[in-house]
Amino acid sequence: MCNLKEQYYLTEPTMEDEEAMKLLITKWKEFGGRMNPGLLKRYNTDYREWLQCIEDWSKGINIGEKVPQTLFFLKNREGTILGATSLRHYLNHTNIVAGGHVAYGICPEYRGCGYGKLILNLALKKLSEMGIEKTLVTCDTDNIESQKVILYNGGVLENQTYDEDGISINRYWIDN
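Counting starts from 1 at the beginning of each chain's written sequence and moves along it residue by residue. A pLDDT threshold of at least 70 governs which residues receive local features in this predicted model, and a stricter bar of 80 or more applies before side-chain atom pairs are shown or counted, although totals over entire chains, interfaces and linings include all residues. By convention in this description, side-chain values take in all heavy atoms of the structure and omit both hydrogens and water.

### Quick look at the environment of Y162
Every helix listed is a DSSP run of H or I at least four residues long, and every strand listed is a run of E at least two residues long, numbered separately from the N terminus. By secondary structure assignment, the location of Y162 is in strand β6 (residues 156-162). A sequence separation of 125 residues divides Y162 from P37, and the C-alpha atoms of the two residues are 19 Å apart. Only heavy atoms enter the contact rule, under which two residues are in contact if any of them lie within 4.5 Å. In contact with Y162, other than residues within four places in its own chain, are V97, I167, S168 and I169.

Written out as structure tokens, the structure is:
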């Protein structure tokens, strides 16, 4: 399962990913815990509708005061979905506190293989291409694995705060 010598890439979801997405959601729910990025949770069994939703979200259509964000899957050369990342186009009053520019998650069966470090590294490159020179990345204070991923990618802890649910959050900045 763990082979970091393969080629990996980020790609936006397409219709060809429908079955793999359904499997990803099923496995994630069986595993439990938070599903990140949050755009994955918007899937409600109608894949075509979900694709339209995430496309609209990336264009800022029908999202109110929320920030446009683009979802990418992390895939290997065989096209297996290993994880997902969502890149926010800018920060607003909410994600400057918690959320930051990037959310990412690795499918439960691929955790512990170094894919977290890889997906954040690839996300930082995409954010740089979008003109974001300094990236805010946040994680729950008790999420030691995510802290390691962020630090590995050059994260510098700015402070700790609380999100709107009262969960303690670490806030890191990374120069792209």
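### Quick word on the pattern of salt bridges
Salt bridge, as applied in this entry: a Lys or Arg side-chain nitrogen positioned within 4 Å of an Asp or Glu carboxyl oxygen. Applying the stated rule across the entire model yields 9 salt bridges. Among the salt bridges present, the one from K22 reaches E19, with a minimum N-O distance of 3.8 Å. Here K22 and its partner E19 are both found in helix α1 (residues 18-31), 3 residues apart, which amounts to about one turn of the helix. Residue D175 pairs with K134 through a salt bridge whose shortest N-O separation is 3.6 Å. Pair noted here: D175 is in strand β7 (residues 168-175) and K134 is in strand β5 (residues 134-140), with a separation of 41 residues, a long-range link. Using a relative accessible area of 59% as the deciding quantity, one classes D175 as exposed. In this scheme, a residue with accessible area under 20% of its type's maximum is buried, one over 50% is exposed, and one in between is partly exposed, where area comes from a 1.4 Å probe on protein chains only. Assessed through its relative accessible area of 43%, K134 is described here as partly exposed.

### A look at the pairing of β6
Looking along a regular strand, one sees side chains alternate from face to face of the sheet. Two strands pair if DSSP finds at least two bridges between them. Note that β6 and β7 share 6 bridges and pair antiparallel. Opposite Q160, over in β7, you have N170 as the bridge partner.

### Details of the packing of aromatic side chains
A ring pair, where both rings are aromatic, is described by two values, the distance of the centres and the angle of the planes. Two rings belonging to Phe, Tyr or Trp (six-membered ring only in the last case) form a pair when the distance between their centres is within 6.5 Å. Interplanar angles under 30 degrees mark stacking, angles over 60 mark edge-to-face geometry, and anything in between is tilted. Throughout the structure, instances matching the rule amount to 6 aromatic pairs. Plain terms: the ring middles of Y43 and Y47 are 6.3 Å apart, the flat faces sit at 65 degrees to each other, and that makes the pair edge-to-face. Each member of the pair, Y43 as well as Y47, carries the same accessibility label: buried. Ring geometry for Y47 and W50: centres 5.5 Å apart, planes at 40 degrees, overall tilted. Of this pair, Y47 and W50 both sit in helix α2 (residues 47-59), 3 residues apart, which is roughly one turn of that helix. The residues Y47 and W50 share a single accessibility class, namely buried. One aromatic cluster in this structure is built from Y43, Y47, W50 and F73. Each ring is checked for a lysine NZ or an arginine CZ that lies within 6 Å of its centre and within 35 degrees of its normal; such an atom marks a charge sitting over the ring. If you follow K117 out to its NZ or CZ, it ends over the ring of Y152, 4.5 Å from the centre.

### Quick notes on the confidence of the model for the chain
One confidence number per residue, pLDDT, is output by the predictor and ranges from 0 to 100. Residues at a pLDDT of 70 or more form 97% of the chain, whose mean pLDDT is 92. Helix α3 (residues 115-129) holds the highest mean pLDDT among the elements of the chain, 97, whereas α1 holds the lowest, 88.

### Digging into the nonpolar core
To form a nonpolar core, buried Ala, Val, Leu, Ile, Met, Phe, Trp, Tyr and Cys residues must be joined to one another through side-chain atoms within 4.5 Å. With 44 residues, the main nonpolar core has M21, L40, W50, L74 and L120 as its most contacted residues. Residues in contact with L40, not counting those within four places in the same chain, are M21, L24, I25, W28, M35, W50, L71, F73 and A84.

### What to know about the sheet that holds β7
Strand pairs in the sheet, formed through backbone hydrogen bonds, run parallel or antiparallel to each other. Strand order in the open sheet formed by 3 strands is β5-β7-β6, with antiparallel pairing between adjacent strands. The open sheet has two edge strands, β5 and β6, and neither has a second partner. When the angles between neighbouring strand axes are averaged without regard to direction, this sheet yields 25 degrees. The sheet contact formed by β5 and β7 spans 7 bridges and is antiparallel. Fitted lines through C-alpha atoms give the axes, limited to the stretch in contact for helices. The angle between two N-to-C directions lies from 0 to 180 degrees.

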